[in-house]
Amino acid sequence: MTLYRGRITRLAVLAVIAVALVAFARTIDWAETWQAIRGTSPLLFAAAALVNLLSLVLKGARWWVFLRPIGVASLWLAIRATFVGAGLNNLLIASGGDAARVVYVARSEKASSAAVLATLALERLFELVGYVVLLALAVSFLQVPVSLGQTRPLAIVSLAVILGLLVYLIRYPAQSGVAVLEGEGLLHRARLYGGNFARTLTGISTAPRFAVSLAISVIVWALQVASYQLTALAAGFSISLVGTITALLAVNLGFAVRATPGNIGVFQMLYVMTAVGLGLDPDQATGVALLIQAQQILPVTLLGLIASPGILGATRRLSAG
């Protein structure tokens, strides 16, 4: 019954999003949007795409910080798996690319998938940490729109909660060895898997690793700001740097939840809503939003599929250990 209700809820949410996207599409002058896209500077657009690719390389390096302690020494493998995951996330509604990353590394290194999953959990946590830091800094020191400025208490509380969690993980006593649990069947395997995950998570949580990951996260989000701004400049869109930061924060509010493959449509709607709130032209903003996703999705997806063409089937065979 609970599963049935969950499916009904997801379908209802998707229906609401679909209606909102249709309503949004009807407000756009697509001829004007196409004109904005046609006038794009190829050089600046290519620069924006390269900056985005660099940010993804750094995400791979951030993951590698946590993979090394479990015996995965190859930085190239971490980067390649990151591209595979990002490429699949652009094709799937749910974040199935993250499961693919776990499978890819676990199979390549013959490592425990539970341990690899623990490293990925920390890597994804620092993606959130970087976002919250950027949000806290923006609402504290920049002249952002009132609607965004009102999130300052939430940003500060969120930052404090995350810092508390990181301190807890660092101070949690390390546990050595593998617990021997009696039993058999699916529940027994799940307990073993969960125990391995928890031991790895706390065992690799150290202050130096967290410091390096935080520094990388700040750089990654700064590169995303640069990528957005370069794309806007390429299209001749007169959005300020503060406006770009505001738009970046807005479109990534639900980065953990993907309503559509690559969040296509939802991304454009949120970007345009932010731009209109800043007094900018919605048709031009739509063109820029399409360009941003084009330089983020197309090269990343292509590289991800080239990196591992058989990974889609492999995600279905994720083992317990």
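In the block above lies the structure referred to throughout.
Residues numbered from 1 in each chain as written. Predicted model: local features only at pLDDT ≥ 70, side-chain atom pairs only at ≥ 80, totals over all residues. Heavy atoms only, no water.

1. A word on the pattern of salt bridges
The condition is simple: The term salt bridge refers to a side-chain nitrogen of Lys or Arg lying within 4 Å of a carboxyl oxygen of Asp or Glu. The helix and strand labels rest on DSSP assignments: H or I over at least four residues marks a helix, E over at least two residues marks a strand, and numbering proceeds from the N terminus. Only protein chains enter the accessibility calculation, which uses a 1.4 Å probe. A residue is then buried if its area is under 20% of the maximum for its type, exposed if over 50%, and partly exposed in between.
By the definition in use, this model includes five salt bridges. As a salt-bridge pair, Glu123 and Arg62 come within 2.6 Å of each other at their nearest N and O atoms. Residue Glu123 is located in helix H6 (residues 113–141), and its partner Arg62 is located in helix H3 (residues 42–67); the two are separated by 61 residues in the primary sequence. No difference in accessibility class separates Glu123 from Arg62, as the two residues are buried. Arg101 is the salt-bridge partner of Glu123, the closest N and O atoms lying 3.3 Å from each other. A residue pair is termed long-range when its members are at least 10 positions apart, and Glu123 in helix H6 and Arg101 in helix H5 (residues 96–109) qualify at 22 residues. Taken as a pair, Glu123 and Arg101 share a single burial class, namely buried. One salt-bridge network, held together by shared partners, links Lys59, Arg62, Asp98, Arg101, Glu123 and Glu127.

2. As for H6
Basically, it comes down to this: Expected helix span is taken as 1.5 Å per residue step, with the number of steps being one fewer than the number of residues. What qualifies as a polar contact is a pair of N or O atoms within 3.5 Å, subject to a donor-acceptor requirement within protein and to the restriction that residues adjacent in sequence count only when both atoms come from side chains.
The end-to-end C-alpha distance of H6 is 42 Å, a good match for the 42 Å that 29 residues give at a rise of 1.5 Å each. Burial analysis of H6 places 22 of its 29 residues in the buried class, which makes it a mostly covered element. Regarding H6, its N-cap is Ser112, as a side-chain oxygen of that residue lies 3.3 Å from the backbone nitrogen of Ala114 further along.

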